[in-house]
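Structural overview
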Amino acid sequence: MTESDSLRLLMRTAEGDAQAFRQLYDHTSGKLFAVSLGMMKRRDLAEDAVQDAFVRIWHNAGEYRAEKGVVLTWMISIVRYRCLDLLRSAKARREHLTDGDLDLADEPEDHATPEGALHAGRDRVRIDECLDELEDQQRHAIQLAYFRGMTHQEVCGQLDLPLGSVKSWIRRGLQQLKRCLE
Amino acid sequence: MTQQLSDRRLDTLAAEYVLGTLDADTRVKLQRLMMTSDRARQAVWRWERELNALGASLNDVQPGPVVWQRIEARLGLAGQVTADSARAKPRPSRVSSSRGWNPFQHWVWPAIAAALVLIMVSLNTWQAPQPAPTQVAVIQDASARALWSVSLTEQDMVVTSTREVTPSTDRDYQLWLVAADGRAPVSLGLLPETGQRQLARSALFDTATVDVLAVSREPEGGSPTGQPTEVLYSAQLVMQ
């Protein structure tokens with residue numbers, strides 16, 4: 001689907017056209033679900049996030065601006081922010097956990113989760129050229145935060161690095177990315 | 001966080017905001033700044049464009065059909081969309097026939113259209129076209145002037161304001177569900193000050209006995225505490 005097709009569907013969605021909204025869903029839900037699954041790790045949680053995102057997209061379709069990116073990246077922003085919110089509240093719950101509480105964040109991951117999503121199973125895009133210029137661990141840290149929704153703390157657990165260095169690595173990595181992208 | 005932020009610092013904050021690694025305090029501060037600063041908004045949008053290209057590069061994974069069904073139910077779209085319509089191939093715009101009798105001669109179309117109208121009219125009188133609101137509440141002020149009407153169906157909740165509502169720029173009206181079991185009021189969302197607004201239908205309508213709906217006056221953006229600040233009105237839901 002071309003960008004002008006997406007834009008047309010989004011405009012009609014903003015006008016309350018349910019049929020156009022369904023078409024937009026058919027064309028984009030696979031991408032939004034892939035993003036969500038990488039972060040939430042479980043199909044049911046990932047589906048909840050996609051559901052919330054599309055409810056928001058229906059209500060906020062009129063607030064799309066081209067400056068926020070193409071329609072698809074705007075929609076991905078929405079699902080990612082939703083996943084980050086869900087992950088944060090699951091983590092906050094886990095910190096205040098009492099006996100007998102059901103903690104979703106501790107449940108085992110679905111086996112269907114595409115573990116390779118970090119490195120495989122995707123096309124290379126412009127920003128990958130710039131990511132390639134970073135040091136390996138710096139790139140890896142940014143990818144873990146982006147694709148897995150990991151916090152600084154979780155990234156340092158994953159990469160076995162001190163917290164302070166993970167923070168400054170990510171920060172410097174992003175600054176370097178910015179210079180490369182300009 | 002003010003305008004003194006250097007471009008470079010603002011840009012790094014924006015990048016970490018989009019990436020999701022900002023701590024809660026800084027995140028909230030940046031969100032507030034975005035409300036007033038075009039520079040901050042632009043910085044965040046630029047990173048949303050760049051970083052979310054990574055998400056767009058992932059291979060599609062199809063969610064289960066239940067996702068669309070739930071979206072449809074939450075938005076009250078059920079029945080408006082047919083699942084296969086999006087994938088239906090466009091029909092040829094002209095039908096030609098090499099056979100002797102062409103069933104699509106022009107006189108046929110008005111006849112088919114007339115028959116369809118007849119069928120639709122009879123279907124409409126035979127079955128209700130839209131799900132009727134199941135419960136309604138009218139919120140009135142002390143002089144019994146109607147301010148809002150709330151209609152609650154099995155799928156959604158729609159609130160309509162009347163002309164008696166005076167729009168205000170510095171405060172909001174918030175709707176609350178007060179349950180009979182004595183639990184703290186639960187927010188249902190902000191009320192429209194003009195026109196109509198669809199609010200998410202709280203699951204509590206199905207699990208708790210509703211005592212009344214209440215309306216409170218709140219600072220702009222809604223209650224800062226999660227509880228009503230100043231309750232102004234209440235109304236009961238009745239079956240329509």
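Please refer to the structure placed before this passage.
A short tour of the structure in this document, coming up. (Residues numbered from 1 in each chain as written. Chains lettered and ligands numbered in written order. Predicted model: local features only at pLDDT ≥ 70, side-chain atom pairs only at ≥ 80, totals over all residues.)

1. Overview of the packing of helix α1 (residues 7-19) of chain B against helix α3 (residues 38-56) of chain B
Residue and element names in this part refer to chain B. The cut-off we apply is this: Axes here refer to lines fitted to C-alpha atoms; in helices the fit is confined to the stretch in contact. Angles between the N-to-C directions go from 0 to 180 degrees. Helix numbers and strand numbers start at the N terminus; a helix is a DSSP run of H or I with at least 4 residues, a strand a run of E with at least 2. Angle categories are assigned with fixed cut-offs, so that under 35 degrees is roughly parallel, over 145 is roughly antiparallel, 65 to 115 is roughly perpendicular, and the rest are oblique. Take the far helix as the reference: if the near one is turned anticlockwise from it by less than a right angle, the crossing is left-handed, and if turned clockwise, right-handed. Contact criterion: two residues are in contact if their C-beta atoms, reconstructed from the backbone, are within 7 Å. In the scheme used here, Gly and all other residues not listed as nonpolar or charged are polar, with Ala, Val, Leu, Ile, Met, Phe, Trp, Tyr, Cys and Pro taken as nonpolar and Asp, Glu, Lys and Arg as charged.
Interhelical geometry of α1 versus α3 gives an angle of 50° and a closest axis separation of 8 Å. As the angle between them shows, α1 and α3 are arranged oblique. In terms of crossing hand, the pair formed by α1 and α3 is right-handed. In contact with Leu 10, Asp 11, Ala 14, Ala 15, Tyr 17, Val 18 and Leu 19 of α1, α3 contributes Arg 39, Ala 40, Ala 43, Val 44, Trp 47, Glu 48 and Leu 51. Looking at the contact of α1 with α3 residue by residue, the classes come out as 11 nonpolar, no polar and 3 charged.

2. Considerations on the interface of chain B and chain A
Listed as interface residues are 38 residues of chain B and, on the opposing side, 49 residues of chain A. Where the side of chain B that touches chain A is concerned, the elements lending two or more residues are α1, α3 and α4 (65-75) of chain B. Top contributing element to the side of chain B that touches chain A by residue count: α3(B), with 11 residues. Partitioned by chemical class, the residues of the side of chain B that touches chain A number 17 nonpolar, 12 polar and 9 charged.

3. Digging into helix α3 (residues 43-60) of chain A
Each α-helix turn comprises 3.6 residues. Residues three or four places apart therefore point the same way. Rules: Residue count minus one, scaled by 1.5 Å, sets the expected span of a helix. Residues are called buried when their C-beta atom has 20 or more other C-beta atoms within 10 Å, exposed when it has 12 or fewer, and partly exposed otherwise; all C-beta atoms are positioned from the backbone.
Helix length check: α3(A) (18 residues) gives 25 Å between terminal C-alpha atoms against 26 Å at 1.5 Å per residue, within 8%. Taken together, the buried positions of α3(A) are occupied by Leu45(A), Ala46(A), Glu47(A), Ala49(A), Val50(A), Gln51(A), Asp52(A), Ala53(A), Phe54(A), Ile57(A) and Trp58(A).

4. Thoughts on the pairing of strand β4 (residues 171-179) of chain B
Residue and element names in this part refer to chain B. Selection rule: For two strands to be treated as a pair, DSSP must find at least two bridges joining them.
Examined bridge by bridge, β4 and strand β7 (residues 210-219) share 9 bridges and lie antiparallel to one another. If you follow Tyr 173 over to β7, its bridge partner there is Arg 217. With 4 bridges joining them, β4 and strand β5 (residues 186-190) adopt antiparallel strand pairing. Residue Trp 176 lies in a different strand from β5, and its bridge partner there is Ser 187. In sequence, β4 turns back onto β5 through a hairpin of 6 residues, with Gly 182 there showing a positive phi of about 85°.

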